[in-house]
Amino acid sequence: MKLFFSFLLSGSLLMGTAPAAMAQQAPSPYRTDLLKDGAIITGLTALSVTGLYLVQQKSGLDEAGLAALNKNDVPKFDRFVAGKYSERAQTASDILCYGAAMTVAPGLLALNPAARGRYGQVAALYLETMLATDALFTMTVGTVTRYRPYLYGAEGGNSRSGKIATNSFFAGHTAHSATGTFFAAKVFHDFNPDSPAQPYVWGAAAVIPAAVAYYRMEAGKHFLSDNIVGYVVGATVGVVVPQLHKTAGRTGVSLLPMQGLNVNGHAYSGLLLSKRL
């Protein structure tokens, strides 16, 4: 589903905004390049596909393996989650992750006047950011086997013996939702550095993936440590990728042409060192 979402956007987002329209807009805080960022997106997509392939090569537990699981073998830090299972909590986590965090949060940037004129560039950055998280997630679950908490109880139905039951580390829903919300907060901050809404935007960015993590534990899908790692990975990627594309124009040092007459009436010209704050 995440890969389909990424491919759906990739055709139009990399092109950004037409040059004529961009000339009438305020400078963007970001610099993107069609070839460079296109190559990065292609590489991240390849890693995601590779990770998905590795996941498909895993195998679940048979009846004997399931019977041998003991929640006392789970580290004390995570043990309180072992045996939990709730389909309602799973549905809630899906709605929060795919709805609020991955769709609504970045989509709301289109309503912001400062970001709206550059939304093609913003959406391209979002695609690259989300694929970075997806690559880290799929490669990890494809190579690490950790049994989901619900296997330590009696519920789970047919999914108890499936390969997906080995994908507890790390929490993908939490990671992707944190990427979506922290990306939106970071981009809002960079386009609107003086906005009084900053604390509320960052607060919402932090709370939504935390709620996703809570419901993933209630659903028996991930342990606390899985969610902590997922939260940190998602939030870090959501902030770092846009930051790596920041331009230096607003805070960098530049040379400005200078000319005029000195006190003796002689003409002069030169360069003035100027720092933008």
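Report follows, based on the coordinates. (Residues numbered from 1 in each chain as written. Predicted model: local features only at pLDDT ≥ 70, side-chain atom pairs only at ≥ 80, totals over all residues. Heavy atoms only, no water.)

### Observations regarding the overall build of the protein
Counting its regular elements, the protein contains ten helices and two strands. Each helix and strand of the protein, ordered N terminal to C terminal, gives the series α-α-α-α-α-α-α-α-α-α-β-β. A burial count over the protein gives 42% of its 277 residues as buried. Long-range contacts, defined here as pairs at least 24 residues apart, represent 77% of the contacts in the protein between residues at least 6 apart. (Helix = DSSP H or I, 4+ residues; strand = E, 2+ residues; numbered from the N terminus. Buried < 20%, exposed > 50% of the residue type's maximum accessible area, 1.4 Å probe, protein only. Contact = heavy atoms within 4.5 Å.)

### A word on the environment of S195
Looking at where S195 falls in the secondary structure, it is placed in the loop between α8 (172-191) and α9 (198-218). From its side chain, S195 meets the backbone nitrogen of A197 in a polar contact 3.1 Å long. (Polar contact = N/O pair within 3.5 Å; in protein donor to acceptor, adjacent residues only side chain to side chain.)

### Quick look at the side chain of T247
Note that T247 resides in the loop between α10 (224-244) and β1 (253-261). Discounting residues that sit within four places of it in the chain, T247 has contacts with S28, P29, Y30 and R31.

### Some words on the environment of A101
Following the sequence through the fold, A101 ends up in helix α5 (residues 87-107). Distance in space between the C-alpha atoms of A101 and H176 is 7.8 Å, their sequence separation being 75 residues. Setting aside residues up to four positions removed in sequence, A101 forms contacts with L96, P106, S177, G180, T181 and I208.

### Re the packing of α9 against α10
Taken N-terminus to C-terminus, the directions of α9 and α10 make an angle of 150°; their axes are 10 Å apart at the nearest point. By the angle class used here, α9 and α10 are roughly antiparallel. In the crossing of α9 with α10, the sense of the turn from one axis to the other is right-handed. Listed contacts from α10 to W202, A206, P209, A210, A213, R216 and M217 of α9 are L224, N227, Y231 and V239. Grouping the amino acids of the contact of α9 with α10 by side-chain chemistry returns nine nonpolar, one polar and one charged. (Axes fitted to C-alpha atoms, helices over the stretch in contact; angles between N-to-C directions. Parallel < 35°, antiparallel > 145°, perpendicular 65-115°, else oblique. Left-handed = near helix turned anticlockwise from the far one by under 90°. Nonpolar A, V, L, I, M, F, W, Y, C, P; charged D, E, K, R; others polar.)

### Considerations on unusual backbone geometry
The linkage connecting F169 with the following residue, F170, adopts the cis geometry, with an omega of -5°. Structurally, F170 can be placed in the loop between α7 (119-143) and α8.

### Looking at the packing of aromatic side chains
If you walk through the whole model with that rule in mind, you get nine aromatic pairs. Ring geometry for Y85 versus Y150: centroids 5.8 Å apart, planes at 70°, classification edge-to-face. Of this pair, Y85 sits in the loop between α4 (63-68) and α5 while Y150 sits in the loop between α7 and α8, and the two are 65 residues apart along the sequence. Residue class for Y150 comes out buried when judged on its relative accessible area of 0%. With 6.0 Å between their ring centres and 80° between their planes, F182 and Y231 make a pair best called edge-to-face. A residue pair is termed long-range when its members are at least 10 positions apart, and F182 in helix α8 and Y231 in helix α10 qualify at 49 residues. (Phe/Tyr/Trp six-rings, centres within 6.5 Å; stacked < 30°, edge-to-face > 60°.)

### Describing the environment of N227
For N227, the position within the fold is in helix α10. The spacing of N227 and R216 is eleven residues in sequence and 8.1 Å in space, taken between C-alpha atoms. Those residues in contact with N227 that sit more than four places away from it in its chain are A171, T174, A213, R216, M217 and H222. Among the polar contacts listed, one links the side chain of N227 to the side chain of T174, at a separation of 2.7 Å. Within the local environment of N227, its side chain forms a polar contact with the backbone oxygen of F223, the two atoms lying 3.0 Å apart.

### Considerations on the nonpolar core
L109, V122, F183, V187 and F191 are the most contacted members of the largest nonpolar core, which totals 16 residues. Taken together, the elements giving at least two residues each to this core come down to α5, α7 and α8. It is α8 that provides the largest number of residues to this core, a total of five residues. Contact partners of F191, with chain neighbours within four places excluded, come to S28, P29, Y30, N112, A114, A115, R118 and V122. Formed by 14 residues, the second largest nonpolar core is a distinct cluster that contains A132, F137, V141 and V233. (Core = buried A, V, L, I, M, F, W, Y, C linked by side-chain atoms within 4.5 Å.)

### Observations concerning the packing of α5 against α8
At a closest axis distance of 8 Å, the pairing of α5 and α8 adopts a crossing angle of 25°. Relative to α8, the element α5 lies roughly parallel. Where α5 crosses over α8, the handedness of that crossing is left-handed. Residues S93, D94, C97, Y98, A101, M102, A105 and P106 of α5 form the contact with α8, whose own contacting residues are H173, H176, S177, G180, T181 and A184. Each residue belonging to the contact of α5 with α8 can be placed in one class, and the counts come to seven nonpolar, six polar and one charged.

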